[in-house]
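Coordinates in review
Here are the chains, one letter per residue:
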Number of protein chains: 2
Amino acid sequence: MAVTQSAESRYTKPVLVAINKPLDEEDGLEALRSHALFRSLKAHDLDYLIQQSRRLRLGHHQLLYRQDMPAHHFFFVISGRLRLYRLDSSGIDRTLDSIAPGDCFAEVMIYADPPRYACYAEALKSSEVLMIPVKAYQDLLDRHPEYAQAALRHYAMRAVTRFHDLEIMTVQNARDRLIRYLIDLLPNGALEGGEVELPLPKCLVASRLAMQPETFSRILADLKSNGLVRVNRSKLFISDPQRLIEISQ
Amino acid sequence: MAVTQSAESRYTKPVLVAINKPLDEEDGLEALRSHALFRSLKAHDLDYLIQQSRRLRLGHHQLLYRQDMPAHHFFFVISGRLRLYRLDSSGIDRTLDSIAPGDCFAEVMIYADPPRYACYAEALKSSEVLMIPVKAYQDLLDRHPEYAQAALRHYAMRAVTRFHDLEIMTVQNARDRLIRYLIDLLPNGALEGGEVELPLPKCLVASRLAMQPETFSRILADLKSNGLVRVNRSKLFISDPQRLIEISQ
DNA sequence: GCGAATAATTGAGTTAAGTCAACTACTCAA
DNA sequence: TTGAGTAGTTGACTTAACTCAATTATTCGC
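Within any chain, residue numbers begin from 1 and follow the written order of that chain's sequence. To read the labels, note that chains go from A and ligands from 1, taken in the order they are written. Selection of residues for local features in this predicted model requires a pLDDT of at least 70, selection of side-chain atom pairs for listing and counting requires 80 or more, and totals for whole chains, interfaces and linings are taken over all residues. Just so you know, side-chain values use all the structure's heavy atoms and leave hydrogens and water out.

Looking at an unreviewed UniProt entry, one finds chain A named Crp/Fnr family transcriptional regulator, with Marinobacter nauticus as its source organism.

1. Quick notes on the overall build of chain A
Which entries qualify depends on this criterion: A run of H or I in DSSP counts as a helix once it spans at least four residues, and a run of E counts as a strand once it spans at least two, with each numbered from the N terminus. To sort residues, take the accessible area from a 1.4 Å probe on protein chains only and compare it with the maximum for the residue type: under 20% means buried, over 50% means exposed, and anything in between is partly exposed. Should any heavy atoms of two residues lie within 4.5 Å, those residues are counted as being in contact.
Looking only at helices and strands, chain A features eight helices and eleven strands. Buried residues in chain A amount to 54% of all 249 residues. Taking contacts inside chain A between residues at least 6 apart in sequence as the whole, the part at least 24 apart equals 73%.

2. Here's the deal with the relation of the copies chain B and chain A
What counts, and what does not: When the copies are superposed, the least-squares fit draws on C-alpha atoms of residues that have pLDDT of at least 70 in both.
Superposing chain B onto chain A takes a rotation of 180° plus a shift of 0.0 Å along the axis, which leaves an RMSD of 0.0 Å. Between the two chains, the operation in question is that of a two-fold axis. When C-alpha positions in chain B are compared against the rotation axis, the closest is assigned to B:Ala159, at 2.1 Å. A shared interface surface links the copies, since 100% of the contact residues of chain B are contact residues in chain A too.

3. As for the layout of surface pockets
Rule in force here: Here a cavity means grid points, on a 1 Å grid over the protein atoms only, where a 1.4 Å probe fits yet cannot get out; a pocket means an open set of points with protein on both sides within 12 Å along at least five of seven lines; lining residues are those with an atom within 4 Å of a point. Grid points are joined across faces, edges and corners, and a volume is the space filled by probe spheres set on the points. In this classification, the charged set is Asp, Glu, Lys and Arg, the nonpolar set is Ala, Val, Leu, Ile, Met, Phe, Trp, Tyr, Cys and Pro, and all remaining amino acids, among them Gly, are polar.
Its boundaries defined by the atoms lining it, the largest pocket holds a volume of some 840 Å³. A:His164, A:Glu167, A:Arg180, A:Asp184 and B:Arg86 are, among the 28 residues lining the largest pocket, the residues nearest its centre. No other element matches the five residues that helix α4 (residues 148–169) of chain A contributes to the lining of the largest pocket. When its residues are assigned to classes, the lining of the largest pocket shows 13 nonpolar, six polar and nine charged.

4. Observations regarding the pairing of strand β11 (residues 235–238) of chain A
Residue and element names in this part refer to chain A. Going by this rule: Two strands pair under a simple rule: DSSP has to find at least two bridges between them.
Because side chains alternate across β11, one face comprises the buried residues Leu236 and Ile238, and the other comprises Lys235 and Phe237, none of which is buried. Where strand β9 (residues 194–197) lies against β11, four bridges are found, and the strand directions are antiparallel. In the sheet register, Glu197 faces β11, and the bridge partner there is Lys235. For strand β10 (residues 230–232) and β11, the ladder comprises three bridges, and the chain directions are antiparallel. By the bridge assignment, Arg230 is partnered in β11 with Phe237. The hairpin turn running from β10 into β11, its antiparallel successor, is two residues long, and Arg233 in that turn takes a positive phi close to 55°.

Here it is as structure tokens:
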């Protein structure tokens, strides 16, 4: 079984102890300025938002928030990598997303009522995130309605991405789900091959695709033996995505 | 197999022949005025949008748009019911969503680049939809940035809903996915039981939940024989949702 | 209201994927 | 550098879900 420990286990260190760095430090925030949610903000408004925010360092496997916790903040990943997951009552852990540097997450909670996190978030390796108060961002939007336009585009694209994720999951067999997942990792729409890096350890990719790690391993071994992918740790080389697409379906 | 015909078959009538009703007709548009995307609009702005739109009548199984078609419009359901689905190259049809009167769909395409429909849309019964030009809506937002606030809320909630749909699909067994789906159909958070109506024919609920119709039928028969649901056509009576939740997981 | 078409159910047999277990290969921290 | 703890792989076996087929219900257009 993938990762079946409860949120209290070592896998997710129990307490969020944020290490604040001085607020005025800029390193790592360049990407923030070019993010869809923020790039239209005037410099002093973005500075205000950053001042209202806290910089957090998270250790490997450290828990950032729990599902159902009141959501007073949303987050921007400065460095490292996080994953979003849910725990059900039997302790099964289902991975829903992985978040890379330059991405925001939990930003949709700004408009939820009541605002509660829909899942757990934990660092997959040591990471740094900016913790942005929902209220500060909302105030900014209230004062500057014109900022909502750029945010709108971001939210619409988020909904499109989630729809696409859902679409993959309606594929009924594990092999084809995995193939679809790999194709989506390729840049430029799978027109040409290339090397992709799995954004999660294999056992968590398996969880994300609703299959057991053993099944994931066997499918990948099979694709490998058919010359469809070459595997090097978490890096996969796909020479002919079209052939991969053909054998699925 | 659920519905495996191609889009050209009788199941999805090939040509969209819209029957326009006079633009000034108001009946059925009350719900539009209270929709999150439109309720903050001043009356004359909404009237303008309606004037720019066309009212379409769709027959049973009639196709509204195809995946990958350029998306110049989005839609509001006045009456009837539609479903969103995708077709893959082997002709397998995977249902992704059903849309009820009072709902919008394809509205996220406003911000896609290039704007193309991500799936097929067809009427599940004879239906009436309002076909809203993306450009008209965008112009309205450009002229009135304050309207973006309400739209933002709608888009954020859409993303939350899609995330939740994705979450169900990461449940690894068919029975528990079905139970989760039923629980979500219940109003007031499954605190009390009640009757729910399947928003899709059973074979399409099965498709939506990535299982075969036979599997759906067998699971439902089993739940029925255990006294967990009573089934009457597309209406299900769930007396004790907590017990249903307990047996899942 | 009739009849054809589609949807739903049920049974029997098959297969994909899960489970359990053993083992190997990493990773990370002391 | 080492060793403990995870992650990943592989084999053997089991089971949930799929497939195919037959039958019964239901729906919808005429």
